[in-house]
Each structure stands twice: as C-alpha cells, then as structure tokens.
Amino acid sequence: MVPPVIDRARRALDRPIQLLRSLGRWSAAHRYLLLSFVFPLAVRTIPEILAGPWPLGFDTVWIYAPFVKDVETKGFVPSVQGVLNVQAAPLVYALLGLVAVATNGAPFAITKAAAPILYGFLGLSLYIFSRRGLGWDREKAVLLVGVSTLYFVPLRFSWDMYKNTLGLGFFLLALSEIGRTSGSRGKASLFAFSILSILASELTTGLLAGTALLLLVWTKVADRRWDFGCAAVAAFAVVALLFYGHVIVHPVPAASPLAPFPAQTGFLYNYVTSNEDVYVYPTLLDLYASVGALAGLLFAPILPLAIFGRFWEKRLVTICIVLGVAFGSVLVSPFAAIPAWHRWLYMLVFPGLIFATTGILRLNRSARAVVLAALVLLGATFVAMPDDLALPYYTFSETIRYVPPNLMRNTVGLQDSPDVVAVAGWVNEQHFPNAVMIADIWFNGWARLYVDTMPVYGFIDPVQVDHGNFSGYDHVFMIYWAAGLGGYQAGRLPSGSVQLLSIGRIGLYEIPRGPSPGP
C-alpha cells in the first residue's frame, strides 16, 4: 500500500505533468505557428543583446522611452491622457505604460524587450494571413516569415516604428477575415482586429480605410452586393483618420517658452517648403532624387523575384493600389501630398515580399539557394554589423536618413550614448538655479530621460528657440554634438550658442536668454 504522503505528492505532480504533456502535444501540432513567432523574435533579440544597455532606434529614444519614464514619475492615466491630447494612436503607449506600472523597469529595458516581441507578432501575423487569407500551406507560409524576417525593410520597421509594426500586424489579421465573415465569429474577429489596428497606428488606420473602401466598391461592382463588414470597418477607420489628422478636433498645444513650430495647415503636406529633419529638400530635384533612391534601395533585391512570382489576389492588389497612391502622391503633387511618403513605401515592400516568396519557390534548387543565401547576408549585416563595417549597400547618402546602415545605433552612435548620459549628469550635479534645457529631436529624449533638475523642451527648428521667450530663466542650456564632431551642424544650433562643456563627441551649450529681435 502506498503511504498517504507519497500518494498526495504523486497526485500533486500529476497535474503539472499532464499540463506539460498537453503543452508539448499542442506545440508539436502547431510548430509552424510557434516558429513564425519565435524566429523573428530571436533574430530581433540579437542586436538588442549586442547593444548592451543602450537602446536601438530613433523613436525609441525620442518618444517611447521618455513616455515610460513619464508613466513611472507622473502616473499611467496622466501620461496616456497626454498622448490622447495630441491625438496620437494610443495602443502602444498604453501597453508600454502597463508594463511600466507592473514592473517599474528601466525605460530602456522595457523598450528593448518590446521590439523583439513586436517583431515576433508581425511574423505571426504574416503566417496567419498567408494561411488563412491566401490559403497557403504551412511550409510556404513559414518561408514567407523567414524571408520577411531577414529582409532589411521589416527589420528597419522593428528598429523604432513600434506603432506601425503593431498596427500592420493587426491589419494583416483583419485582412485575413475579410470575405470570411459569414458567421458572427468571423465578423467579431474582423471588427476586433480592425479596431486594434486603428488604435495602434495612424498609418495603418489610413491603409485600413483605403483598403476597406476599395474592397467595398470592388465587391459591389464584381459581385453586385454590399459587404457590410467592409463598410463598417471603412466607416470606423475614416472617422479615426479624421481624428488623427486633426480634422474633427484640433489639439491644444502645450505651454512652452519656445515659439510655435510653423505647422502646415490642412491634411495634405507640402514637402517642398518643409524644414522637418528627414523632409528637408533644398530643391524639387532633391525631393525626386530622394524618392527614387529610397525606392531603388528598398525594392532592388526583391523586385525581380516579385515580378517572377506575382499572382492575382484581390486583397493584395488592393493593398498595392492604396499604398501606391499614398506613396505616389509625393511625385504627382509634392506641394500638397499625403504625409509620411517614405513610411507608405516601407509598407509597400510587404506585398512585394509575398510575391517574392512565390518567385523564390518557382526557382530551381540552385538558384533558390543563392537567393536565400543573399537574403541571409543582407539580413545578418543589417542586424549585427557596427557602423564602421556597414555593408556599402546601406550607406548611400540619399537614403541613410531613412534607412540606417544597420540596427546598431539610436539617435547617436552606441559609443556616444554614455557621453550623452555623462553630460546630462554633469548638468544635474551643478544644480543651476532657475534653468531650462532645450533639445532638438535627436537629443530631446535623452534630456527628458536623464536631466532631472530643470524642465526640458524639445524643438524641431532652431527658429523656435530664436523667437521664443526665455526671459523668465537665468540659464538656457542645450545638449548637442560638440563643435565639429559627430553629427554636428552649425545650422541646427540657435543663434548665439556657446559651448560650455564637451565629453567625447557630446557638448553642452548655453543659449542667450530672451527673444531675439525680429527680422
């Protein structure tokens, strides 16, 4: 007879053992589904490990990590309310904020963990769309995930475009349900994924609105029926797009000593007169040169495969039309075009990758091996190579402001990150009375994260500082590249700036107080 103590212990162990066995059986049955999440997650984790404690990505430093700090210092509700006040898509911020509340982790630790998870989710969404939406078999769907994971454009997405990555993942899941909504479960999935995509990203809201509207018209013309699921999705997306575009409600700007940035009026964007960082084009020819160079960089490796593998699929054709119009508006009407032309072009690569995957499968075995090896080389060098050893393909002067030469950088070089923190620490140690810190978009996030002894205001154009009113402060400081080093540009400094300190390639400047005289 088994002693009662041993019998109870055996019964206590039976449940977790059975659970593990059930999990193992489920994992074996769904190994391709798991692989579609785990493989992109693992690939995207590599550069985060190589970067050590420092973040990767521009928006990571400029936007997301400072938001996490705001949550941990000001609270979850006020921080998310601040996002809603500027009418930005809130889902990524809410998720980061919830993690911050639950863990109280360092802002960079939270954002570094988020990037691989979001990339894994995008791979999972591609797999589900190819299986459920396109009817592909598991092996072909996994190949699509592998090709997409290693291609540098999705990797560029994951570098810092958190909202766009999450929104595109939910968009693909919603697209998988369009045309399959005969039952209530299908309709619920379509609406849920659509709403999540709308909440995740302003750009995928626009993509969803255009795709749903075009599919609605297509179905009416081809099948002589109204698809009410598409109609409802289109209505939600259009309303949300008007909200994000400040058409329904105009946001109230936060109080600041800086002069207001001369924002463009209306929904359409004038690229020719813009002075916003990546959108600075001295002439119309410079604009067209940048558009052509970036399009060539993004599509050159996969375009022959995409042409070879193209096939007719209504949803893919619709996506290409919507993205092509959104991107192409900058060529047709550069003085009044749809905003963010380069991000629409990034998204256009995804249907290209679907076509390219079919093209790869149509090659013979030797050609297929060569193509896959080339894709692995492009991906590996983009993931892990340091700046000074970047593949020459990624270093064109016309495209480097849109696509970095590799993932191993943020708003400054990784080697410069400790020096930025050191300059901010020096400022804190001095305890300057009645002082304020200003910073452009490259250094604003660093200042918000590490300068604790004075308010921080970010500017886009130095004119905002020159025409601002700082007469109420005794000191006005700015963190920027030390004179002549790093990404230093004299035109990015406000008038009268004087360098007080330099650590490595990072400098601290003092700005004259009070508004500069007008012209």
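Whatever comes next refers back to the structure up there.
Treat the numbers as computed from the prediction; the structure is a model and nothing was measured. (Residues numbered from 1 in each chain as written. Predicted model: local features only at pLDDT ≥ 70, side-chain atom pairs only at ≥ 80, totals over all residues. Heavy atoms only, no water.)

1. Some remarks on the pairing of strand E5 (residues 506-510)
Most of E5 sits out of view: four of its five residues are buried. Sheet analysis places strand E3 (residues 475-481) next to E5, joined by five bridges and oriented antiparallel. By the bridge assignment for E5, Ile479 is matched with Leu508. Two elements, strand E4 (residues 498-503) and E5, share five bridges in a ladder whose sense is antiparallel. Looking at E5, one finds that Ser502 is bridged to Gly507. Between E4 and E5, which pair antiparallel one after the other, the connecting turn spans two residues, and Gly504 there sits at a positive phi close to 60 degrees. (Buried < 20%, exposed > 50% of the residue type's maximum accessible area, 1.4 Å probe, protein only. Helix = DSSP H or I, 4+ residues; strand = E, 2+ residues; numbered from the N terminus. Pairing = 2+ DSSP bridges.)

2. Points about helix H17 (residues 365-384)
Over its 20 residues, H17 extends 28 Å from the first C-alpha to the last, a length consistent with the 28 Å expected when each residue adds 1.5 Å. Among all positions in H17, only Val371, Leu375, Leu378, Gly379, Thr381, Phe382 and Val383 are buried. Looking at the buried side of H17, the elements it contacts are helix H2 (31-50), helix H7 (138-150), helix H8 (152-160), helix H14 (303-309) and helix H16 (341-361). Measuring from the backbone nitrogen of Ser366 back to the side-chain oxygen at the start of H17 gives 3.2 Å, which picks out Asn364 as the cap. (Expected span 1.5 Å × (residues − 1). Contact = heavy atoms within 4.5 Å. Polar contact = N/O pair within 3.5 Å; in protein donor to acceptor, adjacent residues only side chain to side chain.)

3. What about the side chain of Ser290?
In this structure, Ser290 sits in helix H13 (residues 284-299). By relative accessible area, Ser290 is classed as buried at 1%. Among the polar contacts listed, one links the side chain of Ser290 to the side chain of Arg401, at a separation of 3.0 Å. Ser290 has contacts with Tyr281, Trp341, Glu398, Arg401 and Tyr402, leaving out every residue within four places of it along the chain.

4. A word on a nonpolar patch on the surface
Among the surface-exposed residues, Leu213, Val238, Val239, Leu242, Val247, Ile248, Val249, Phe267 and Leu268 lie close enough to one another that they form a single nonpolar patch of about 710 Å² accessible area. With respect to the secondary-structure elements, Val247 resides in the loop between helix H12 (228-244) and H13. With relative accessibility at 45%, the residue Val247 sits in the partly exposed group. (Patch = residues over 30% accessible without salt bridge, like charges linked within 9 Å, V, L, I, M, F, W, Y side chains within 5 Å. Areas by Shrake-Rupley, 256 points an atom, 1.4 Å probe, with all protein chains shown as cover. Salt bridge = Lys/Arg side-chain N within 4 Å of Asp/Glu carboxyl O.)

5. Here we look at helix H5 (residues 91-103)
Look at H5: 18 Å from first C-alpha to last across 13 residues, which is about the 18 Å you get at 1.5 Å a residue. Just downstream of H5, Asn104 is the residue with a positive phi angle, here 55 degrees.

6. Quick look at the packing of aromatic side chains
Within this structure, the stated rule accounts for 36 aromatic pairs. On the basis of an interplanar angle of 45 degrees and a centroid distance of 5.7 Å, the ring pair of Tyr64 and Tyr93 is categorised as tilted. On the criterion of sequence distance, the pair formed by Tyr64 in helix H3 (residues 58-74) and Tyr93 in helix H5 is long-range, its members being 29 residues apart. The interplanar angle of 50 degrees and the centroid separation of 4.6 Å between the aromatic rings of Phe432 and Phe477 together place this pair among those described as tilted. (Phe/Tyr/Trp six-rings, centres within 6.5 Å; stacked < 30°, edge-to-face > 60°.)

7. Structural notes on the state of the cysteines
Applying the stated criterion across every chain yields a total of zero disulfides. Cys320 provides the cysteine sulfur closest to Cys230, a residue in no disulfide bond, and the two sulfurs are 17 Å apart. The class of Cys230 is buried, set by a relative accessible area of 3%. When its relative accessible area of 25% is taken as the criterion, Cys320 is described as partly exposed. (Disulfide = S-S within 2.5 Å.)

8. Digging into the pairing of E3
A large share of E3 lies buried, amounting to six of its seven residues. Relative to E3, strand E1 (residues 435-440) runs parallel, the two sharing four bridges. Bridge assignment links Val436 to a residue of E3, and that residue is Val476.

9. Quick notes on the pattern of salt bridges
Applying the stated criterion to the full structure yields 12 salt bridges. The residue Glu48 makes a salt bridge to Lys112 at a minimum N-O spacing of 2.8 Å. Of the two residues, Glu48 sits in helix H2 while Lys112 sits in helix H6 (residues 107-133), which places them 64 residues apart along the sequence. The class of Glu48 is buried, set by a relative accessible area of 6%. With a relative accessible area of 12%, Lys112 lands in the buried category. Counted as one network, the salt bridges with shared partners bring together Arg44, Glu48 and Lys112.

10. Some details on the packing of H6 against helix H9 (residues 162-177)
As a packed pair, H6 and H9 sit with axes 9 Å apart at the nearest point and diverge in direction by 20 degrees. Taken together, the axis directions place H6 and H9 in an arrangement best described as roughly parallel. By crossing handedness, the relation of H6 to H9 is classed as left-handed. Between H6, through Thr111, Ala114, Ala115, Leu118, Phe121, Leu122, Ser125, Leu126, Ile128, Phe129, Arg132 and Gly133, and H9, the contact on the second element is made entirely by Tyr162, Thr165, Leu166, Leu168, Gly169, Phe170, Leu172, Leu173, Leu175, Ser176 and Glu177. Of the residues that constitute the contact of H6 with H9, the class distribution is 15 nonpolar, six polar and two charged. (Axes fitted to C-alpha atoms, helices over the stretch in contact; angles between N-to-C directions. Parallel < 35°, antiparallel > 145°, perpendicular 65-115°, else oblique. Left-handed = near helix turned anticlockwise from the far one by under 90°. Nonpolar A, V, L, I, M, F, W, Y, C, P; charged D, E, K, R; others polar.)

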